[in-house]
Every structure is written in structure tokens, then in C-alpha cells.
Amino acid sequence: MSTPDADLPEEIAWKGKWIVAKTRGKWEYATRARNIRAAVILAVEDGDILLVEQYRVPLGLRCLELPAGLIGDDDGGEDEDPLSAARRELEEETGYVAAHWQDCGTFFSSPGMISESFTLLKATGLKKVSAGGGTDSEDITVHRVKLADFPQVIADFRARGIGIDTRMLLALGPHLLGDTQ
């Protein structure tokens, strides 16, 4: 089977410090500069999940998300691995550390528009060690939510005009699928 545009040359339309806009045939898409990836943390414990809320400039509003961060985005951090980034980001954003980590694999955020990938890491054995809230340049609010209440929590955040990151589907999945399994 032939894949349209797959063998055509990739061209850079625009390049910034963090994002590169590219074209290949009829396709226009974005990549992260230096092929930086993200680590996304599914932190769960005792029927609860940790979420973060922060302002996202591209959306123009606050967004409810799983804790996450870029891998190797700091100068000299090019060799950082997903687990190290996840440990750093979980504590920085939420104030929690985890005793147990599971690598759940690599996923792609929106493959029709961006090439960005993320490694999903499940964190358990959570212990609160600080306030969290991110770095000085971030304004992160931490939410510890009961999974049983998750659909209503999402509805409440939506009603307040908060954006909902697509990764919330991880926790919404069982509720959305219901008895269809």
C-alpha cells in the first residue's frame, strides 16, 4: 500500500526556540525543537488521582492536566531519561514523591498535527513532601481527586471554563465505556 506524501522531502517552514513548523507534501505539522519529548505522570493512590491546573497560553485559559514535563529541556540535560524527568516533575508540580514507578509506554499527543510524543509513567506509593505548585515561573494548583467522582469533577471544571487535557480520558475511560466491555 502506498502512503501519500511519505516519501516527499520534509521542509522547515518556521523555526523557533521550542517549536518547528514543517511541511511534507500537503501536510503541515509541528515538532518540538531538538526532538524533545515529555514525561506524563499518572499518579494514583487509594482511589485518588493527582491532577494539576495551570494557565496555558495557546488555549488562553487554565487547563486541567496530569502532571508532566519536558525531558532534557534544561541546558546540559540532553541525556535525561523519562523516569528522571517524571520524578523531578511530580515533586516540582505536586509536592509528592512516589515509591513505585511503572513505564506504560510511549504515546503521541495529536499525530495528525504534531509529532510530539510522551512517555506515560504510573506513580504509586505517593508521599507528600512539599507544597508543589511548580517553579517560580509557573502557577500550578494541585488537585487530589477521587476516581469515583472523576466524571462529575471534570463536568464541574468544564462548567467553570477550565480546559480539559485529552489525557483525562485515561481516568474517564471506564466511565465512558460503561458496560460495553
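Residues numbered from 1 in each chain as written. Predicted model: local features only at pLDDT ≥ 70, side-chain atom pairs only at ≥ 80, totals over all residues. Heavy atoms only, no water.

(A) Representation of the side chain of threonine 94 within the structure. In this structure, threonine 94 sits in helix α1 (residues 82–94). One polar contact links the side chain of threonine 94 to the main-chain amide nitrogen of tyrosine 96, over a distance of 3.1 Å. Residues within four places of threonine 94 in sequence aside, it is in contact with Leu50, Val52, Pro67, Glu89, Lys128, Ser130, Ala131, Gly132, Gly133 and Val142. (Helix = DSSP H or I, 4+ residues; strand = E, 2+ residues; numbered from the N terminus. Polar contact = N/O pair within 3.5 Å; in protein donor to acceptor, adjacent residues only side chain to side chain. Contact = heavy atoms within 4.5 Å.)

(B) View of the packing of aromatic side chains. Enumeration over the complete set of coordinates arrives at 1 aromatic pair. With centroids separated by 5.8 Å and ring planes inclined at 25°, the aromatic side chains of phenylalanine 107 and phenylalanine 118 adopt a geometry described as stacked. Placement of the pair is phenylalanine 107 in strand β8 (residues 96–108) and phenylalanine 118 in strand β9 (residues 117–128), with a sequence separation of 11 residues. Judged by relative accessible area, which is 7%, phenylalanine 118 ranks as buried. Over the face of the ring belonging to phenylalanine 157 we find arginine 160, whose NZ or CZ atom lies 4.6 Å from the ring centre. (Phe/Tyr/Trp six-rings, centres within 6.5 Å; stacked < 30°, edge-to-face > 60°. Buried < 20%, exposed > 50% of the residue type's maximum accessible area, 1.4 Å probe, protein only. Lys NZ or Arg CZ within 6 Å of the ring centre and 35° of its normal.)

(C) Spotlight on helix α2 (residues 150–159). Phe150, Val153, Ile154 and Phe157 are the residues of α2 that are buried. Angular distribution of buried residues about the axis of α2 spans 100°; they occupy a single face of the element. Of the residues flanking the end of α2, it is glycine 161, one or two places downstream, whose phi is positive at about 85°. (Arc of directions from axis to C-beta.)

(D) Structural view of the layout of surface pockets. Approximately 1,400 Å³ is the volume attributed to the largest pocket. Those elements that provide at least two residues to the lining of the largest pocket are β3 (27–32), β4 (38–45), β5 (48–56), β6 (61–65), β7 (68–70) and α1. Here the lining of the largest pocket gets 5 residues from one element, more than from any other, and that element is β3. Here the residues of the lining of the largest pocket sort into 15 nonpolar, 8 polar and 15 charged. (1 Å grid on protein atoms, 1.4 Å probe; cavity = no way out; pocket = protein on both sides within 12 Å on 5 of 7 lines; lining within 4 Å. Points joined across faces, edges and corners; volume = space filled by probe spheres on them. Nonpolar A, V, L, I, M, F, W, Y, C, P; charged D, E, K, R; others polar.)

(E) Structural context of the sheet that holds β3. If you trace the 3 strands from one edge of the open sheet to the other, you get β1-β2-β3, paired in antiparallel fashion. Each end of this open sheet is capped by a strand with a single partner; those strands are β1 (11–15) and β3. With direction set aside, neighbouring strand axes in the sheet form an average angle of 30°. Sheet topology note: the strand β2 (residues 19–24)/β3 ladder contains 6 bridges and is antiparallel. (Pairing = 2+ DSSP bridges. Axes fitted to C-alpha atoms, helices over the stretch in contact; angles between N-to-C directions.)

(F) Looking closely at the pattern of salt bridges. Tallied over the full model, the rule gives 11 salt bridges. A salt bridge links glutamate 116 to arginine 32, with the shortest nitrogen-to-oxygen separation between them at 2.8 Å. Remark: arginine 32 occurs in strand β3 and glutamate 116 occurs in the loop between β8 and β9; sequence separation between them is 84 residues. Exposure remark for glutamate 116: the relative accessible area of 16% places this residue in the buried category. Using a relative accessible area of 24% as the deciding quantity, one classes arginine 32 as partly exposed. Across the pair arginine 62 and aspartate 139 runs a salt bridge, and its minimum N-O distance is 3.7 Å. Taken together, the residues arginine 62 in strand β6 and aspartate 139 in the loop between β9 and β10 (141–146) connect sequence positions 77 residues apart. (Salt bridge = Lys/Arg side-chain N within 4 Å of Asp/Glu carboxyl O.)

Just geometry here; none of it tells us what the structure is for.
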